[in-house]
Each structure stands twice: as structure tokens, then as C-alpha cells.
Amino acid sequence: RHAGIFQKLEEELCNFSTRGYLGEGSPNRADAWIWVLAELFAGIVEQKRLPPKSSAAATGRGQTTFMAD
């Protein structure tokens, strides 16, 4: 529905590829559009969940673990 109306946004969105953003400058409009969609459709954005802390970890005893993204 927005095709042809928001020409600069459409141009930025079309400059994304599997190799990243191929346009010039920063994709500000596309970035803002993604944030809007994430807010409007929050149910489809997966939240990061940390594992429950064990009692040994909570007291500072035991093995230290690190989470990788």
C-alpha cells in the first residue's frame, strides 16, 4: 500500500540484500520502518530469555557461564 508513496523509503528497502545494505549513506528510513513494525507487531518479535540462575551461581560459587549471542 505504501509503494510509490514513500519513494525514498522504498528505495532504501530495495537496497538491502543478503550481503547487507548496498545503498549510499545510512538507511535511516528503513531502520525506522523496522522499529515501527517491531512495535506494532510485538507478538512476532522473539524476546531473549536468560536461563534461570542456579543457587550456586547466585551465591558466587560454582562454574561461571557466559552467554553467546
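Everything numeric here is computed off the predicted structure, so don't read it as measured data.

Definitions and limits used
- Residues numbered from 1 in each chain as written.
- Predicted model: local features only at pLDDT ≥ 70, side-chain atom pairs only at ≥ 80, totals over all residues.
- Heavy atoms only, no water.
- Helix = DSSP H or I, 4+ residues; strand = E, 2+ residues; numbered from the N terminus.
- Phe/Tyr/Trp six-rings, centres within 6.5 Å; stacked < 30°, edge-to-face > 60°.
- Axes fitted to C-alpha atoms, helices over the stretch in contact; angles between N-to-C directions.
- Parallel < 35°, antiparallel > 145°, perpendicular 65-115°, else oblique.
- Contact = heavy atoms within 4.5 Å.
- Nonpolar A, V, L, I, M, F, W, Y, C, P; charged D, E, K, R; others polar.

Novice: Tell me about the environment of Pro 27, residues and numbers included.
Specialist: Positionally, Pro 27 belongs in the loop between strand E2 (20–21) and helix H2 (28–40). It is 9.7 Å that separates the C-alpha atoms of Pro 27 and Lys 8, two residues lying 19 residues apart in sequence.

Novice: Outline the packing of aromatic side chains, listing residues and values.
Specialist: In the structure shown here, the tally under the stated rule is one aromatic pair. Aromatic pair Phe 16 and Tyr 21: ring centres 5.0 Å apart, planes at 55 degrees, arrangement tilted.

Novice: Could you give an account of the packing of helix H1 (residues 7–14) against H2, naming the residues involved and the relevant values?
Specialist: One can describe the packing of H1 onto H2 by two numbers: an axis separation of 8 Å at closest approach and a directional angle of 90 degrees. Comparing their axes, H2 and H1 come out roughly perpendicular. Between H1 and H2, the contacting residues are Lys 8, Leu 9, Glu 12 and Leu 13 on the first element and Asn 28, Arg 29, Ala 30 and Trp 33 on the second. Here the residues of the contact of H1 with H2 sort into four nonpolar, one polar and three charged.

Keep in mind these numbers describe shape, not what the thing actually does.
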